[in-house]
Amino acid sequence: MKHLLKMLDLSKEEITDILNLADQLKYELKHGIPHPHLKGKSLGMIFQKASTRTRVSFETGMYQLGGYPLFLSSSELQIGRGEPVQDTARVLSRYIDGIMIRTFDQYGDIPIINGLTDFSHPCQVLADLMTIREYKGSFDGLKMCYIGDGNNMANSLIVGGLKVGMSVSAATPADYRPAKEVMDFAEGFDCFKITDDPKEAAKDADILLTDVWASMGQEAEAEARRKAFAGYQINDSIMALAKSDALVMHCLPAHREEEITSKVFEEHANEIFEEAENRLHAQKAVMVKLMG
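It should be emphasised that the depicted structure is a prediction, and the values quoted were computed from it without experimental measurement.

Caption draft 1: Summary view of the pairing of strand β9 (residues 247-250). Side chains Leu247 and Met249 of β9 all project onto a buried face; the interleaved residues Val248 and His250 project onto the opposite face, where all are buried too. Sheet analysis places strand β8 (residues 207-210) next to β9, joined by four bridges and oriented parallel. Among the inter-strand pairings, Leu209 is bridged to a residue of β9, identified as Met249.

Below you can see the structure in the form of structure tokens.
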């Protein structure tokens, strides 16, 4: 593994190795055991999109690993004055040991970590898988259900869930399906189902996941999306179809009463915020694997 760009690039074994290391790093942090695996290393973090969890978790994680994080806002770089992203990344490759970029594409000659693109959000899904395994013990026999927009989260969850051996169902409106590359991959699995019926997708699910209906950059589509996604909400009627001990997860930020009700969100806040914490541990594992 030279980069982390999308879940499609990872094998089941690589995913498992990352999750095992993330578990170890989480244990060490909770027990005050230092793990300066990246002492003397530096990570450049380029942001062309707003961030809370991505910036804080990468910055904190790099510090805990003994390295140095550099926050690089696009407005403060030459990117903001028209320099192509790939040129900036190639220059930074001469100065630092890794790049985390939250944008639309990635370039560079050193390890590059996708902090989020329109197509993929691998760091979030590694944290999701870590959380599922913590709560359920393993992935064996589990059904994961995603309800909502066929966006970067849907793309990454479908691939990640299938690669680790779960059954995966997804409910999206016909006009908001996941990317063709993802659908082509998923067609090879008998344990995958895509539907426009959230109730059908949620039946007997062990894990339910969702995301906002309008992501960053889609604000102008918000009203049209609210109409298109009416009925694609995780609520009590959906929960009644899932297993009684089903997890509910959300990559955050959540728009309560849109993709998820406040009631369901608060009833499952423990796993949702454990999922958010696990961004830190999963990303530390990725950085050690790529830069250590």
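Caption draft 2: The nonpolar core, seen in detail. By size, the foremost hydrophobic cluster in this structure holds 55 residues, and its most contacted members are Ile113, Leu126, Leu129, Met166, Ile207 and Met287. Every residue in contact with Ile207, bar those within four places of it in the chain, is listed here: Ile132, Leu142, Lys143, Met144, Cys145, Met166, Leu247 and Met249. Membership of the second largest hydrophobic core comes to 23 residues, among which are Tyr176, Trp213, Phe229 and Val264.

Caption draft 3: Looking closely at the pattern of salt bridges. Enumeration over the complete set of coordinates arrives at 18 salt bridges. The partner of Arg133 in a salt bridge is Asp23, with the nearest N and O atoms 2.7 Å apart. Taken as a pair, Arg133 in helix α4 (residues 122-136) and Asp23 in helix α1 (residues 12-30) lie far apart in primary sequence, 110 residues in all. A salt bridge links Arg55 to Glu59, with the nearest nitrogen and oxygen atoms 3.2 Å apart. Remark: Glu59 and Arg55 occur in helix α2 (residues 53-64); sequence separation between them is four residues, near one turn of the helix. With a relative accessible area of 30%, Arg55 lands in the partly exposed category. For Glu59, a relative accessible area of 27% puts it in the partly exposed group. Linked by salt bridges that have partners in common, Lys26, Glu134 and Glu274 make up one network.

Caption draft 4: View of the sheet that holds strand β7 (residues 192-195). Pairing is parallel across the open sheet formed by five strands, whose spatial order is β7-β6-β5-β8-β9. The sheet terminates laterally at β7 and β9, the two strands that pair on one side only. The sheet shows a mean angle of 15 degrees between the axes of neighbouring strands, taken without regard to direction.

Caption draft 5: Main features of the packing of aromatic side chains. Per the stated rule, a full pass over the model turns up six aromatic pairs. Aromatic side chains Tyr176 and Phe229 sit 4.9 Å apart centroid to centroid with 50 degrees between the ring planes, which places their arrangement in the tilted category. Here Phe229 lies in the loop between α8 (222-228) and α9 (236-239) and Tyr176 lies in the loop between β6 (167-171) and α6 (180-186), a separation of 53 residues in the sequence. Each of the two residues, Tyr176 as well as Phe229, counts as buried. In this structure an aromatic cluster arises from ring pairing among Tyr176, Trp213, Phe229 and Tyr232. Over the ring of Phe71 we find Arg55; its NZ or CZ atom is 3.6 Å from the centre of that ring.

Caption draft 6: The arrangement of the packing of α2 against helix α11 (residues 269-291) in detail. Put simply, α2 and α11 touch, their axes get as near as 9 Å, and they point 55 degrees apart. Accordingly, the angle class assigned to the pair α2 and α11 is oblique. Remark: the crossing between α2 and α11 carries right-handed chirality. On the side of α2, the interface is formed by Arg53, Thr54, Ser57, Phe58, Thr60, Gly61, Met62 and Gln64, while α11 contributes Ala276, Arg279, Leu280, Gln283, Lys284, Met287 and Met291. Among the residues forming the contact of α2 with α11, the class breakdown is six nonpolar, six polar and three charged.

Reading guide: rules and limits
Residues numbered from 1 in each chain as written. Predicted model: local features only at pLDDT ≥ 70, side-chain atom pairs only at ≥ 80, totals over all residues. Heavy atoms only, no water. Buried < 20%, exposed > 50% of the residue type's maximum accessible area, 1.4 Å probe, protein only. Helix = DSSP H or I, 4+ residues; strand = E, 2+ residues; numbered from the N terminus. Pairing = 2+ DSSP bridges. Core = buried A, V, L, I, M, F, W, Y, C linked by side-chain atoms within 4.5 Å. Contact = heavy atoms within 4.5 Å. Salt bridge = Lys/Arg side-chain N within 4 Å of Asp/Glu carboxyl O. Axes fitted to C-alpha atoms, helices over the stretch in contact; angles between N-to-C directions. Phe/Tyr/Trp six-rings, centres within 6.5 Å; stacked < 30°, edge-to-face > 60°. Lys NZ or Arg CZ within 6 Å of the ring centre and 35° of its normal. Parallel < 35°, antiparallel > 145°, perpendicular 65-115°, else oblique. Left-handed = near helix turned anticlockwise from the far one by under 90°. Nonpolar A, V, L, I, M, F, W, Y, C, P; charged D, E, K, R; others polar.

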